[in-house]
Each structure stands twice: as C-alpha cells, then as structure tokens.
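Okay, here's what each chain looks like letter by letter:
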Amino acid sequence: MSTDLTLSRTERTRLHRLRERGRSDRAELHAVLDAGLICHLGVLVDGSPVVLPTGYGRAGDLLYLHGSTANRSLLAADGQDACVTVTHLDGMVCARAIFHHSMNYRSAVVFGRPRLITDGPGKLAGLQAVTEQLIPGRWAQARPPTRKELAATRLLALSLDEASVKIRTGPPDDGDSPDAALGRWAGELPLTAAWGQAVPDPALPPGIAVPPHILARVGTAAFPLRPGAEGAAGG
Ligand SMILES: Cc1cc2nc3c(=O)[nH]c(=O)nc-3n(C[C@H](O)[C@H](O)[C@H](O)COP(=O)(O)OP(=O)(O)OC[C@H]3O[C@@H](n4cnc5c(N)ncnc54)[C@H](O)[C@@H]3O)c2cc1C
C-alpha cells in the first residue's frame, strides 16, 4: 500500500489532454473519492468491456466495492485489471462559442487489480467503510450483518496506488478572445445536489424518531466541495 503523498504518474494515468487540470496531490484524490457515493467499475466480463455504477467506500488507500456473490462484474474484477471512475459534475460552462462550452467537474480514475476479501474481520471493516461512505453514522445504528449475510456478500479492495485526478473550475476560456466582442452571454451555471427531508417507513411503529445521523444530513450538499478547493479553468 502506498503512503506517498504524491500520485505517481504511470503510462496509464498520465494525462495527455489539458494536463493543467491534472492534480498530483494524493489528498486531492481522497477529497474527490470522499465526496462521492457511487463509482463506475469498468472490467472485462467474458471478454467484453462492461462499465457499471456501484457504491463504494474509501478507507486509507483502499477503495472497497461490494455486492452480491452473484454480481458478475465483481466476480470478473477479482484479480483482473479494472478501472474505477468517480465523477462530480459541478456546473455547466457557457462560452460565447459552442466550441468553447465546457463543464466544471472533479473526477478520479483508479487502475488496479481488485483483491477479494474473504476473512470475517476484513470483510466487516470493508462493509463498514462502504456503509459509512454512503450514510455516515449508519453502521452504529443498523443491525450488523449475520454470518449468512456476510457469506452472500462479495467484497473487493482496490489499491489507490495508480490513480489520476482531473478538476475544472471557473469561467469559460473565451473571455479574452475576439468572440468576447459579440455581446453574447457567457458564464457558469453551477449545479448543486442536496439531501432532501427524511421519509419514515410507513411500517415504522410510532415513537421511533429520525436519528441524528440522518437529520444531520438533510439539506447538506450531496457531493461537497472541499473548502478552499480550486481547480484549473480552461476550455
Ligand atoms: C463531467 C465530465 C464531463 C466531460 N465531458 C467531456 C466531453 O464532453 N468531451 C471531452 O472530450 N472530454 C470531456 N471530459 C474530459 C474527459 O474525461 C477526458 O479527460 C478527455 O476527453 C481526454 O480524454 P483522453 O482519452 O484524451 O484522455 P487522456 O488524457 O489520454 O487520458 C490519459 C489518462 O489520464 C487520466 N484522465 C483522463 N481524463 C481524466 C478525468 N476526467 N479524470 C481523471 N483522470 C483522467 C486517466 O488516468 C487516463 O487514463 C469530461 C470530464 C468530466 C469529468
């Protein structure tokens, strides 16, 4: 496991286009991953590429992916080359020219060979990481998995050793071009997603209040920006 504070550049993670948007700080990778809820897992299944959305959790420099033991892509990913992406769309960038329109975003790409976790404590730790990533505070509130439930769950761990981060923020990049004289509107249209009000299960008996870890999330940003995080503007 890497403890390097800098992301290492490999043939696969070296950005070819708009390199100024790349980030080399491992903390930036963690920030993008920690702000996310789902990733896309790309893997070859029976020789054909498949990219599927799935939940995940980060603990240190490991990314945990979980699902049913019948999940075909998790089965295929065990010990095989895989690619995981996490994307946050932060807004639309409207330029004067169609060509220069863009999006503000934070995204991470991770390459590696996920490893199947089979030991009980390791499996519980990984499932806790996934649960806490999706709903912080939930692990302590919900009933823990039984042995049978654990046996029906496949858990993979992917090292964050080989990863890249790309971030764009800011206005369109044609503000100082001849098109600026056209008098057409240009600017950013930010996108923010927030958690809604909790809806109690109608099957709940009376007297069970919404727990604090759920209440604390209501109205907060779903894909929070790290305070002070800035990215590279450009087309
Ligand atoms: C929300 C969003 C929307 C986008 N829309 C478009 C679009 O419409 N058209 C378009 O051309 N591009 C778009 N991009 C950028 C796109 O992801 C690629 O970065 C870009 O197209 C360059 O592709 P390439 O194959 O030349 O990558 P290369 O630069 O050759 O990629 C080399 C390596 O760089 C890293 N890398 C590349 N892109 C990313 C990334 N986004 N995040 C993290 N690491 C990365 C990977 O490790 C990859 O293997 C978008 C990105 C995001 C996040």
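For clarity, every value in this text was computed on a predicted model and none was experimentally measured.

Participant: Quick question: what am I supposed to make of the overall build of the protein chain here?
Facilitator: Along the backbone of the protein chain there are six helices and ten strands. In terms of overall dimensions, the protein chain has a C-alpha envelope of 65 × 50 × 35 Å along the principal axes. Sorting the 235 residues of the protein chain into buried and exposed places 25% on the buried side. Pairs at least 24 residues apart make up 76% of the contacts formed inside the protein chain by residues separated by at least 6 positions.

Participant: Help me understand the environment of arginine 154 in this model?
Facilitator: Residue placement: arginine 154 occurs in strand S8 (residues 153-159). In this structure the C-alpha to C-alpha distance between arginine 154 and glycine 67, which are 87 residues apart in sequence, comes to 5.4 Å. Not counting the four nearest positions on each side in its chain, arginine 154 is found in contact with His66, Gly67, Ser68, Thr69, Asn71 and Leu74.

Participant: Sorry if this is basic, but what is going on with the pairing of strand S6 (residues 102-112) here?
Facilitator: In regular strands, side chains alternate between the two faces of the sheet. Where strand S5 (residues 82-94) lies against S6, eleven bridges are found, and the strand directions are antiparallel. Pairing of cysteine 83 across the sheet is with phenylalanine 111, part of S6. Sheet topology places S6 next to strand S9 (residues 162-168); seven bridges connect them, and they run antiparallel. By the bridge assignment for S9, phenylalanine 111 is matched with glutamate 162.

Participant: It is not clear to me how helix H1 (residues 26-34) should be interpreted in this structure. Could you clarify?
Facilitator: The complete set of buried residues in H1 reads Glu28, Leu29, Ala31, Val32 and Leu33. Structurally, H1 contributes buried residues whose contacts are with strand S1 (22-23), strand S3 (48-59), strand S4 (62-68), S5, S6 and S9.

Participant: Please clarify how the site of the ligand should be interpreted in this entry.
Facilitator: Lining the immediate environment of the ligand, one finds 15 residues, of which His16, Tyr105, Ser107, Ser164 and Lys166 sit closest. Listing elements by their share of the shell around the ligand, those giving two or more residues are S5, S6 and S9. For the shell around the ligand, the element with the most residues is S6, which contributes five residues. Residues of the shell around the ligand, tallied by class, amount to seven nonpolar, five polar and three charged.

Participant: Is there a simple way to think about helix H3 (residues 120-134) in this case?
Facilitator: One turn of an α-helix holds 3.6 residues; hence residues three or four places apart share an orientation. Between its first and last C-alpha, H3 extends 21 Å over 15 residues, near the 21 Å set by a 1.5 Å rise per residue. Within H3, the full set of buried residues consists of Lys123, Gly126, Leu127, Ala129, Val130, Thr131 and Gln133. Summarising the contacts, the buried residues of H3 are in contact with S3, S4, helix H4 (138-141), helix H5 (147-151) and S8.

Participant: What is the right way to look at the environment of glutamate 188 in this model?
Facilitator: Mapped onto the secondary structure, glutamate 188 falls in strand S10 (residues 187-190). Sequence separation of glutamate 188 and phenylalanine 99 is 89 residues, and the distance between their C-alpha atoms is 15 Å. Not counting residues within four places of it along the chain, the set of residues in contact with glutamate 188 comprises Gly91, Val93, Asn104 and Pro171.

Cut-offs and rules
Residues numbered from 1 in each chain as written. Predicted model: local features only at pLDDT ≥ 70, side-chain atom pairs only at ≥ 80, totals over all residues. Helix = DSSP H or I, 4+ residues; strand = E, 2+ residues; numbered from the N terminus. Buried ≥ 20, exposed ≤ 12 C-beta atoms within 10 Å, placed from the backbone. Contact = placed C-beta atoms within 7 Å. Pairing = 2+ DSSP bridges. Near = placed C-beta within 6 Å. Nonpolar A, V, L, I, M, F, W, Y, C, P; charged D, E, K, R; others polar. Expected span 1.5 Å × (residues − 1).

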